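Listed below, chain by chain, are the residues.
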Amino acid sequence: MKLFKRRTGSAQNLAFVGLMCAVDAVMATLSTLVPLSALFVIVFLPLVSALTVIVCEDRYILVYLVAAVALSLGVTAYDIAATLFYIIPATIVGTLYGFLLKKGFPSALLIFLCALAEMGLNYAALPLIKLVSGVDFIAFLTTALGLSSNAAFPYFVPSLILLYSLVEVLLSNIISVPLLSDFGIKTNDWQLYSWVYDILSLSFSMIAIGLAFAEISLGYCFLVAAIFFTIYSLLAYFRKLPAWTYLMLGLFLAAGWMAFAFLYQKMPSYSGLLLGGIVTTALTIPSLIVRLSFKAPRALE
C-alpha cells in the first residue's frame, strides 16, 4: 500500500493524521534528547506537516494541527523552551506551507510569508518561555554563542531570527517540491507578475536604508527581505541575453559597491551594513530592466 497517496473518507484521513502526529511526537522527542538534532527538526517537522496537509482533505487540517501541537507539547514539556521555540512553530508553519502550496500560492511569496509566520511565532514564544521557565531564551542563546559582550549583536537578533526562519522554510521547500510532484502539485512562480519581486526588492532595500536613522534592528530585517527578493529578481538573467545586459549588471553592481564603501563611515553606529540596500538595489534595477525588455521563459519567471 502506497503511504503517500491522497486520503478520502474519515477513516483514511484520521488514520493518516494519527500516524503523522505520532511521527511528529517522535521527532520532537528526539530533538530534545539528541544533541544538534534540532537542525534536522527544522527541516523535517515542517515537511511532515506539509505532506499531511497535502495528502489529507482540507477539513482535517485543523484536526491534525491541534493534535500534533498538543501531542508534541505533551511529550516534550520537560524542555519547554525548545518545544515553544522550535517544535510548535515548525509544525504550524509546515501546515501553513502545505496549505498555501496546495492552493497554488506563488513560491517566493509562499516561502517569505511562511518565514514571517515562523518569526512571529518565535517571538510570541519568548514571553511564554520566560513565564513558564523563567529563562530569557535570547539571552541564553547569546551567552551560549559567546556573544554577550558584543555590543552590536542585539541589533542583529530580529534579522537572524528571520534568516533562520527563511532557511527553515527554504530547506523544507527544496526537499518537498520533488516529493509533491507525485501529487501533481508544482510551485507557482507567478509567471505573469514576477516583476513584483523586483518591486519588493527595491522597496525593502530603500526601507532598510531609511531605518538606519530610526530603528536599526528592524532595518536589518528589511535588508534580509531585500536580499531574498533580489535573488528571485536575478532569475531574469538565467538565460541567453545580449552582452550589454550583463555589462549593465556589472556596472550597476560596481557602482553599488562604490557607494557602499563611500557612505559606510558616514552612517550611524552599527547601521553601516544597512547600506547593503544600495547593493541589492544596484542588482535589482538591471534585472527589472531585463525583465521588462525581454519576455522571460515561463520556467524562469
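Because the structure is a prediction, the values reported are computed rather than measured.

A.B. asks: Run through the overall build of the chain, naming residues and quoting values.
C.D. replies: Tallying secondary structure elements over the chain gives 11 helices and zero strands in all. Counting from the amino terminus, the chain carries its helices and strands in the arrangement α-α-α-α-α-α-α-α-α-α-α. Split into buried and exposed, the 301 residues of the chain put 48% on the buried side. Put simply, 77% of the contacts in the chain that link residues at least 6 apart link residues at least 24 apart.

A.B. asks: A description of the packing of aromatic side chains should follow, citing residues and the corresponding values.
C.D. replies: This structure, assessed with the given rule, holds 14 aromatic pairs. Note on Phe112 and Phe229: the rings are 5.0 Å apart at their centroids and 65° apart in plane angle, and the pair reads as edge-to-face. Separated by 117 residues along the polypeptide, Phe112 in helix α5 (residues 107-133) and Phe229 in helix α9 (residues 216-233) bring together distant segments of the chain. Cluster of aromatic residues (ring-pair linked, three or more members): Phe112, Tyr197, Phe204, Phe222, Phe228, Phe229 and Tyr232.

A.B. asks: Just give me the short version of a nonpolar patch on the surface, but keep the residues and values in it.
C.D. replies: Judged by side-chain polarity, Phe44, Leu160, Leu163, Val167, Leu171, Ile174 and Ile175 come together as a nonpolar surface patch covering roughly 550 Å² of accessible area. At six residues, the largest contribution of residues to the nonpolar patch is made by helix α7 (residues 153-180). Relative to the helices and strands, Ile174 resides in helix α7. Judged by its relative accessible area of 57%, Ile174 falls in the exposed class.

A.B. asks: An account of the packing of helix α8 (residues 195-210) against α9 is requested, with residue identities and associated values reported.
C.D. replies: In the contact formed by α8 and α9, the axes pass within 8 Å of each other and the chain directions differ by 155°. Comparing their axes, α9 and α8 come out roughly antiparallel. Where α8 crosses over α9, the two elements pack in a sense that is left-handed. Residues Tyr197, Asp198, Leu200, Ser201, Phe204, Ser205, Ile207 and Ala208 of α8 touch α9, and the partners they reach there are Gly219, Phe222, Leu223, Ala225, Ala226, Phe229, Thr230, Tyr232 and Ser233. A breakdown of the residues in the contact of α8 with α9 according to their chemical character gives 11 nonpolar, five polar and one charged.

A.B. asks: So what's going on with the pattern of salt bridges? Residues and values would help.
C.D. replies: Across all of its chains, the model carries four salt bridges by this definition. The partner of Asp58 in a salt bridge is Lys103, and the shortest N-O contact between them spans 2.7 Å. In this pair, Asp58 sits in the loop between α2 (38-55) and α3 (61-75) while Lys103 sits in the loop between α4 (80-102) and α5, placing the two residues 45 residues apart along the sequence. Linking Asp198 and Arg291 is a salt bridge whose minimum nitrogen-to-oxygen distance equals 3.0 Å. One end of the pair, Asp198, is in helix α8; the other, Arg291, is in helix α11 (residues 276-293), with 93 residues separating them in the sequence. Ionic contacts of the salt-bridge type, sharing partners, join the residues Asp58, Lys102 and Lys103 into one network.

A.B. asks: Tell me about the nonpolar core, and please be specific about residues and values.
C.D. replies: With 29 residues, the main nonpolar core has Leu166, Phe228 and Phe229 as its most contacted residues. Every element with two or more residues in this core is listed here: α2, α4, α5, α7, α8 and α9. Core analysis: the second largest hydrophobic core is formed by 19 residues, Ala208, Tyr220, Ala236 and Met248 among them.

A.B. asks: Go over the environment of Met248 with me, naming the residues and quoting the values.
C.D. replies: Residue placement: Met248 occurs in helix α10 (residues 243-263). Each C-alpha atom, one on Met248 and one on Ile285, is 9.7 Å from the other, the two residues being 37 residues apart in sequence. With residues near it in sequence (within four places) discarded, Met248 still touches Tyr237, Pro286, Ile289 and Val290.

A.B. asks: Describe α11, and please don't skip the residues or the numbers.
C.D. replies: Over its 18 residues, α11 extends 26 Å from the first C-alpha to the last, a length consistent with the 26 Å expected when each residue adds 1.5 Å. Most of α11 sits inside the fold, with 14 of its 18 residues counted as buried.

A.B. asks: Provide a residue-level description of the environment of Cys114, including the pertinent values.
C.D. replies: Secondary-structure assignment places Cys114 in helix α5. The spacing of Cys114 and Thr95 is 19 residues in sequence and 9.7 Å in space, taken between C-alpha atoms. Apart from the residues within four sequence positions on either side, Cys114 is in contact with Val93, Leu96, Tyr97, Leu100 and Val169.

A.B. asks: So, the side chain of Thr95: which residues are in play, and what are the values?
C.D. replies: By the secondary structure assignment, Thr95 is in helix α4. Thr95 sits in the buried class, given a relative accessible area of 4%. In contact with Thr95, not counting residues within four places along its chain, are Ser49, Val53, Ile61, Tyr64 and Leu65.

The rules behind each value
- Residues numbered from 1 in each chain as written.
- Predicted model: local features only at pLDDT ≥ 70, side-chain atom pairs only at ≥ 80, totals over all residues.
- Heavy atoms only, no water.
- Helix = DSSP H or I, 4+ residues; strand = E, 2+ residues; numbered from the N terminus.
- Buried < 20%, exposed > 50% of the residue type's maximum accessible area, 1.4 Å probe, protein only.
- Contact = heavy atoms within 4.5 Å.
- Phe/Tyr/Trp six-rings, centres within 6.5 Å; stacked < 30°, edge-to-face > 60°.
- Patch = residues over 30% accessible without salt bridge, like charges linked within 9 Å, V, L, I, M, F, W, Y side chains within 5 Å.
- Areas by Shrake-Rupley, 256 points an atom, 1.4 Å probe, with all protein chains shown as cover.
- Salt bridge = Lys/Arg side-chain N within 4 Å of Asp/Glu carboxyl O.
- Axes fitted to C-alpha atoms, helices over the stretch in contact; angles between N-to-C directions.
- Parallel < 35°, antiparallel > 145°, perpendicular 65-115°, else oblique.
- Left-handed = near helix turned anticlockwise from the far one by under 90°.
- Nonpolar A, V, L, I, M, F, W, Y, C, P; charged D, E, K, R; others polar.
- Core = buried A, V, L, I, M, F, W, Y, C linked by side-chain atoms within 4.5 Å.
- Expected span 1.5 Å × (residues − 1).

Distances and angles like these do not, on their own, reveal function.
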